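What follows is the residue order along each chain.
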Amino acid sequence: VCSDGTVLTGVPVFRKLYELVGLGYVYAVTKNRFVGSLAERVYNVWADNRLRLTGRGDLADVIKEREQRIHAKIESAGSADCETSCKIEW
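Residues numbered from 1 in each chain as written. Predicted model: local features only at pLDDT ≥ 70, side-chain atom pairs only at ≥ 80, totals over all residues. Heavy atoms only, no water.

A few points about the overall build of the protein chain
Tallying secondary structure elements over the protein chain gives five helices and zero strands in all. When the elements of the protein chain are put in sequence order from the N terminus, they spell out α-α-α-α-α. Counting only residues that meet the buried cut, the protein chain has 12% of its 90 residues in that class. Partitioning the intrachain contacts of the protein chain with sequence separation of at least 6 by distance along the chain shows that 21% fall at a separation of at least 24. (Helix = DSSP H or I, 4+ residues; strand = E, 2+ residues; numbered from the N terminus. Buried < 20%, exposed > 50% of the residue type's maximum accessible area, 1.4 Å probe, protein only. Contact = heavy atoms within 4.5 Å.)

Next comes the structure, spelled out in structure tokens:
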């Protein structure tokens with residue numbers, strides 16, 4: 001989300017980030033209509049499949065496993081003082 005409220009998604013996110021850190025030339029080629037369109041299509045395929053392609057299952061499974069780990073940590077803390085002993089590593 002940009003300071004003006006604009007929400008960027010896909011390749012424009014990376015283009016903006018690289019511009020902000022002085023490496024805009026890396027994604028500058030994606031400003032070309034043909035290259036940008038191709039990059040967006042490739043990125044969308046990657047974004048839709050990145051968890052599966054990297055061996056992490058689908059998003060629903062990842063979220064479910066994370067919730068289970070968090071609940072297990074909370075339950076194992078019992079009635080302890082949660083201000084000091086219930087720290088959950090994200």
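Observations regarding a nonpolar patch on the surface
Together, Leu17, Leu20, Val21, Leu23, Tyr25 and Val26 make up a nonpolar patch on the protein surface, roughly 610 Å² of accessible area in all. Listing elements by their share of the nonpolar patch, those giving two or more residues are α1 (11-20) and α2 (25-28). Along the chain, Val21 falls in the loop between α1 and α2. (Patch = residues over 30% accessible without salt bridge, like charges linked within 9 Å, V, L, I, M, F, W, Y side chains within 5 Å. Areas by Shrake-Rupley, 256 points an atom, 1.4 Å probe, with all protein chains shown as cover. Salt bridge = Lys/Arg side-chain N within 4 Å of Asp/Glu carboxyl O.)

What to know about the side chain of Arg15
Tracing the backbone through its elements, the reader meets Arg15 in helix α1. Buried within the structure, Arg15 lacks any salt-bridge partner; Glu19 is the closest side chain of opposite charge, at an N-O distance of 5.4 Å. A distance of 2.8 Å separates the side chain of Arg15 from the side chain of Thr30, its partner in a polar contact. Dropping the residues within four chain positions of it, Arg15 is found in contact with Tyr27, Thr30 and Lys31. (Lys, Arg positive; Asp, Glu negative; His and termini not counted. Polar contact = N/O pair within 3.5 Å; in protein donor to acceptor, adjacent residues only side chain to side chain.)

Side note on the packing of aromatic side chains
Scanning the entire structure with this criterion turns up three aromatic pairs. With 6.0 Å between their ring centres and 20° between their planes, Phe14 and Tyr27 make a pair best called stacked. Placement of Phe14 in helix α1 and of Tyr27 in helix α2 is noted, with a sequence separation of 13 residues between them. Classification of Phe14 as partly exposed rests on a relative accessible area of 28%. Measuring from ring centre to ring centre gives 5.5 Å for Phe14 and Tyr43, while their planes differ by 65°; the resulting arrangement is edge-to-face. Within this pair, whereas Phe14 is found in helix α1, its partner Tyr43 is found in helix α3 (residues 33-53), the two being separated by 29 residues in sequence. (Phe/Tyr/Trp six-rings, centres within 6.5 Å; stacked < 30°, edge-to-face > 60°.)

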